[in-house]
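# Results of the structural survey
What follows is each chain in one-letter form.
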Number of protein chains: 2
Amino acid sequence: MLPVRLHPGGSEGPPPGAEAQPLQRRLGRLASLSPAEMAMIAEACRGPLRELPARGEIHPEGACPPPAALVSGWACRIRMLADGRRQIVAFLLPGDLIGRPPPCLPAPCAALALTRVLLADAQPLFAAGFTEHPPTQTGLGRALRAAELQEEVLLRDQVVRLGRQTAYERLASLLLELRQRLETAGLAQQRGFALPLTQEVLADALGLSVVHVNRTVQQMRRDRLIELRGGQVIILQPEALRSVADWQDIPGLRD
Amino acid sequence: MLPVRLHPGGSEGPPPGAEAQPLQRRLGRLASLSPAEMAMIAEACRGPLRELPARGEIHPEGACPPPAALVSGWACRIRMLADGRRQIVAFLLPGDLIGRPPPCLPAPCAALALTRVLLADAQPLFAAGFTEHPPTQTGLGRALRAAELQEEVLLRDQVVRLGRQTAYERLASLLLELRQRLETAGLAQQRGFALPLTQEVLADALGLSVVHVNRTVQQMRRDRLIELRGGQVIILQPEALRSVADWQDIPGLRD
DNA sequence: CGCGTCGTTGACACGGCTCAAGCTTAGTGG
DNA sequence: CCACTAAGCTTGAGCCGTGTCAACGACGCG
C-alpha cells in the first residue's frame, strides 16, 4: 500500500479542491496573481491528473517532457552513473514545476516519484506565461520565471553542500531547505514537517552512504537539534541548526 | 601584469571585431539567428565594455546585477561559508551570460573574475529576447533561453561530480566540460585548450583540497591521460578520459 | 637579488565508506 | 491471529580517500 506518511492529516485525505493549494500558494508568493490567473491554476489542478505510485518514473533521462506541476507527493530529479552510483540532484515538492515548455534541452536527469504523486498538466500555464506574452508582462509569467530561478538557487545550495560541507552540515542544511519549501506550499509548520524519505534516499541526495546518514542522524538526535521518527521531523533548535548549516533563507522575487 | 595565458594566440591580441565571436558563435549554435540578431550581438560586443582585472568582483553575493555577456577571460560564480570555505559553483567562459533581466532573485553567489575579463552589456539582447517578445518567438529569445537551460545542465553535472565522483573522476569530468564549452566558443581544439586556473581554483571548484588536486593531476599525468603545464591542457586519451568521467556531451537545443 | 605566488612532496590524522550482522517494523498469506 | 518475509534502521570493525600541516622548490616580477 501507499506510505501512510504521505498525508499525515488522517485517512480521509485532503478536502476536495485542496489539490490546487500548494501550487496556488507557491506561485502566489512568487508574484502577485490576478483572480483569472489563480483560477487558471485551480483549473489546471482540477483537470485530469496523472497519478504515479512510489518509485514510478515521471520521465526518463534524456527526455523532453511537457510541463507538469507536482500537485501532491514527493519526487526527485536523479542521475545515475554507469556503475550504479546514484545522485539525487533535487527534490520536487508539491507546488513545484517539472518539465519546461519547448524549446527545451533533453533533461540530463530522470524524474522519479518518491511517494505516490499527482501531476497536473502545466502546459496552459506556461503557454499563458511564456508563449503568448513575454514572461515579464503577466503575473503568472513572473511567477513561473521566479520558480525557475528559485530552482537554480536550490541547485547552487546543493553544490555548496556537496562540495564544502560535512555530513552533519549537509543534513542540517537539507532539512532547513525542505522545511522552508514545504512551508511555502503550506505543508510545514515552523518546527515540524512530514519527511517521507528513507535514509537511503537521503544518502543519495547528500552524497553519503546510508550507514553514514544513519550515524549522522543519530548524532543530531543526541545533540538534541532534531527529532526524527516515523517520517516526521521536529526541529528542536532552529537557530542552532541554521548556524550549523550556515543557512540563509531562499530568497523571494525582487524587481 | 595580466596572465599571458589568456590569449595564447600571441602578444598582439585578437584582431579588431573578434570580441563578438565567442558570443555569436555560442548563441548561433543554440538557435538559428537572423542577420539582424547577429548584428545586435556584434553591436553589444562593440559597445562600451566593462573591464576587470583578475580577482575583480563582477558582482557581490546578494546582488541583482543587470544582464552582461562575458566577452573575454574567465570568471566564476562562487559561494563562501561563514568560516571561509569557498565553493566555485560554476565557471563562466567567453560567450556566457551573467546577470538576468528583472524580475530576478538576489544572486546567491558572487561572480568573480579569474583572469582579466571584458563584459558587454547584454540588456538589449534580453530586452529583445524576453521583454518585447515571448522568448519562443525570436531566434535570439530561443538562444538566450537555451543558454539558461544549458547553465542548469552544467549545474546538475556539478552536483553529480561533487556528490558521487572521486577526485580523479571529478577532474576528468571538469576538463571535458571545459573543453567542450570552450570549443563551442571557438577557444579549444579537439584535444587541447588554455586553462588559466591555479590548482587552488580547481580545488574550490572540485570540492577538494589544493594538495589533493595536485596529487590527482599528477596521477592523471602518470596515467598519460592528459598533459598540463603552463596553463595549457592536452588531452592525450579522450576516450579513456570520457570513460573515467562517465561523461556525456552537453546537449544542444531540441524543440 | 629578494620576495611572493604557485606547484610539489611527505607524514599523519580523520571523516566517511564497506562489509557484515542483528534488529525493528509493517505487510502478507495461511 | 500468527508465522513469515522484506524493507528499513542500527551498530561495530576496519580500511581508504582525502584533509591538514609543514617544508621545500620553481618561477616570475619588481
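Conventions used here
Residues numbered from 1 in each chain as written. Chains lettered and ligands numbered in written order. Predicted model: local features only at pLDDT ≥ 70, side-chain atom pairs only at ≥ 80, totals over all residues. Heavy atoms only, no water. pLDDT = per-residue confidence, 0-100. Contact = heavy atoms within 4.5 Å. Buried area = accessible area lost by both parts, 1.4 Å probe. Salt bridge = Lys/Arg side-chain N within 4 Å of Asp/Glu carboxyl O. Helix = DSSP H or I, 4+ residues; strand = E, 2+ residues; numbered from the N terminus. Nonpolar A, V, L, I, M, F, W, Y, C, P; charged D, E, K, R; others polar. Near = heavy atom within 4 Å. Polar contact = N/O pair within 3.5 Å; in protein donor to acceptor, adjacent residues only side chain to side chain. Disulfide = S-S within 2.5 Å. Buried < 20%, exposed > 50% of the residue type's maximum accessible area, 1.4 Å probe, protein only.

## Observations concerning the confidence of the model for chain A
Here chain A averages 91 in pLDDT, while 92% of its residues score no lower than 70. Confidence drops under pLDDT 50 across residues 1-13 of chain A; counting only partners more than four residues distant or on other chains, this segment forms 13 contacts.

## Regarding the interface of chain A and chain B
On the chain B side, the residues contacting the 62 residues of chain A number 62 residues. Of all residues in chain A, A:Leu105, A:Arg156 and A:Arg164 give up the largest surface area on contact with chain B, accounting jointly for 16% of the area buried on that side. Across the contact surface, chain A and chain B share twelve salt bridges. Mapped onto the side of chain A that touches chain B, the elements with two or more residues apiece are strand S4 (75-80), strand S5 (86-92), helix H3 (123-131), helix H4 (139-164) and helix H6 (199-206) of chain A. With 18 residues, H4(A) is the largest single contributor of residues to the side of chain A that touches chain B. Looking at the side of chain A that touches chain B residue by residue, the classes come out as 28 nonpolar, 14 polar and 20 charged.

## Some words on the protein's contact with DNA strand D
What surrounds DNA strand D is a group of 16 residues, the closest being A:Gln199, A:Asn214, A:Gln218, A:Arg221 and B:Ser209. Sugar plus phosphate, as a fraction of atoms of DNA strand D within 4 Å of the protein: 70%. One of the side-chain nitrogen or oxygen atoms of A:Arg55 is found 3.0 Å away from a phosphate oxygen of DNA strand D. A:Asn214 places a side-chain nitrogen or oxygen 2.7 Å from a phosphate oxygen of DNA strand D. The set of elements that each furnish at least two residues to the surface near DNA strand D consists of helix H7 (210-222) of chain A together with helix H7 (210-222) of chain B.

## Some thoughts on the state of the cysteines
Joining two cysteines, a disulfide is a covalent bond between their sulfur atoms. Applying the stated rule across the entire model yields two disulfides over all chains. With its sulfur 1.8 Å from that of its partner, A:Cys64 forms a disulfide with A:Cys104. With a gap of 40 residues between them, A:Cys64 in the loop between strand S2 (57-59) and strand S3 (68-72) and A:Cys104 in the loop between S5 and strand S6 (110-113) connect regions that are remote in the sequence. The partly exposed category is assigned to A:Cys64, whose relative accessible area is 26%. Its relative accessible area of 5% is what places A:Cys104 among the buried residues. Between B:Cys76, a free cysteine, and B:Cys109, which holds the nearest cysteine sulfur, the sulfur-to-sulfur gap is 9.2 Å.

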